[in-house]
Amino acid sequence: MTGFPRYAIYFAAGSDSALSRFGAELLGYDAYTGDELPFPRQALHVAPDWREVSADPRKYGFHATLKAPMALVSGKTEADLIAACAAFAAEARPHPVISPIVDSISGFIAVIPATPVEALQQLAADCVREFDPFRAALTAEDRARRRPEKLSERQRDYLDRWGYPYVMEEFRFHMTLTGRLDAERRGPILQMLRERFAALKLDALAVDRIALFKQDDAKARFRIIGEWALAR
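What counts and what doesn't
Residues numbered from 1 in each chain as written. Predicted model: local features only at pLDDT ≥ 70, side-chain atom pairs only at ≥ 80, totals over all residues. Heavy atoms only, no water. 1 Å grid on protein atoms, 1.4 Å probe; cavity = no way out; pocket = protein on both sides within 12 Å on 5 of 7 lines; lining within 4 Å. Points joined across faces, edges and corners; volume = space filled by probe spheres on them. Helix = DSSP H or I, 4+ residues; strand = E, 2+ residues; numbered from the N terminus. Nonpolar A, V, L, I, M, F, W, Y, C, P; charged D, E, K, R; others polar. Expected span 1.5 Å × (residues − 1). Buried < 20%, exposed > 50% of the residue type's maximum accessible area, 1.4 Å probe, protein only. Axes fitted to C-alpha atoms, helices over the stretch in contact; angles between N-to-C directions. Parallel < 35°, antiparallel > 145°, perpendicular 65-115°, else oblique. Left-handed = near helix turned anticlockwise from the far one by under 90°. Contact = heavy atoms within 4.5 Å. Polar contact = N/O pair within 3.5 Å; in protein donor to acceptor, adjacent residues only side chain to side chain.

### Some thoughts on empty space enclosed by the protein
Tallied over the entire structure, the rule returns one cavity of 30 Å³ or more. Approximately 60 Å³ is the volume found for the largest cavity. Lining the largest cavity, in full, are Thr65, Leu66, Lys67, Ala68, Val128, Tyr164, Tyr166, Val167 and Phe171. For the lining of the largest cavity, the leading source of residues is strand S2 (residues 64-71), giving four residues. In the lining of the largest cavity, the residues fall into seven nonpolar, one polar and one charged.

Below, the structure is given as structure tokens:
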């Protein structure tokens, strides 16, 4: 098993944003505060087993991955990573803006862009490259858990080079709300989540910050330990 603690560079929408509240309520967990939250009655009505439906994303908190979870390589410290996050955020760069929708992606349901945004792909690629010097190499067990036999050749190459297969051209921005669902279950849950999301009236979402998440041990959930607005 990967060493601990583990760290990840994610996008989170801000502790006071309607989008963050939307995600935290559905996951039953607020990664900003570490608090458990009651599930919305609407979710429990559609899926009485909502705790199980949302179990996988709850562990990570409501987020979009920019640099996947990693243990720190020998010689690097949490303080070093925090300083690197601040330096990364201080570099002027375009702020990607997406038109967010709720849809199915690879069997789970998430907030995703309605259309691809090149600046978002570039931001994610920059995070992958610039924070990679902090990443401890994958162990054989870590690599096996990614089931490389199920990946494409390019994804396997990325797994071995960057420690995660879904980077660069394979990157797809998503803020996950459920675990994988079969098609029969997915329809009613997707409709419910779209109705709740529509109430936010969120036509545009600026990916204008990065957050540093930390997982203390294998049983712990990820928690936000730092957040930085991106400079323009």
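### Concerning helix H6 (residues 118-131)
The end-to-end C-alpha distance of H6, which contains 14 residues, comes to 20 Å, matching closely the 20 Å that a straight helix rising 1.5 Å per residue would cover. Along H6, the residues that are buried comprise Leu120, Leu123, Ala124, Ala125, Asp126, Cys127, Val128 and Phe131.

### Quick look at the packing of helix H1 (residues 18-27) against helix H9 (residues 183-198)
Packing of H1 against H9 leaves a shortest axis separation of 11 Å and a crossing angle of 150 degrees. Judged by the inter-axis angle, H1 sits roughly antiparallel to H9. Between H1 and H9 lies a crossing of right-handed hand. Contacts between H1 and H9 involve Leu19, Phe22, Glu25 and Leu26 from the first element and Leu193, Arg196 and Phe197 from the second. Each residue belonging to the contact of H1 with H9 can be placed in one class, and the counts come to five nonpolar, no polar and two charged.

### Concerning the side chain of His63
For His63, the position within the fold is in the loop between helix H4 (55-58) and S2. Among the polar contacts listed, one links the side chain of His63 to the backbone oxygen of Gly61, at a separation of 2.8 Å. For His63, the side chain forms a polar contact with the side chain of Thr65, separated by 3.2 Å. The residues touching His63, leaving out its near neighbours within four places in the chain, are Tyr10, Phe11, His174, Met175, Thr176 and Phe213.

### Digging into the environment of Ala47
Its location among the elements puts Ala47 in the loop between helix H2 (41-46) and helix H3 (50-53). A relative accessible area of 0% means that Ala47 is categorised as buried. Beyond its immediate stretch of four places on either side in the chain, Ala47 contacts Val53, Arg185 and Ile189.

### Describing the layout of surface pockets
There is about 1500 Å³ of room inside the largest pocket. Lining the largest pocket are 45 residues, with Tyr60, Arg146, Tyr164, Tyr166 and Arg180 positioned closest to its centre. Sorting the residues of the lining of the largest pocket by element identifies strand S1 (6-11), H4, S2 and helix H7 (140-145) as the ones contributing at least two each. When residues of the lining of the largest pocket are assigned to their parent elements, the largest contribution, five residues, is made by S2. Tallied by class, the residues present in the lining of the largest pocket amount to 20 nonpolar, 13 polar and twelve charged.

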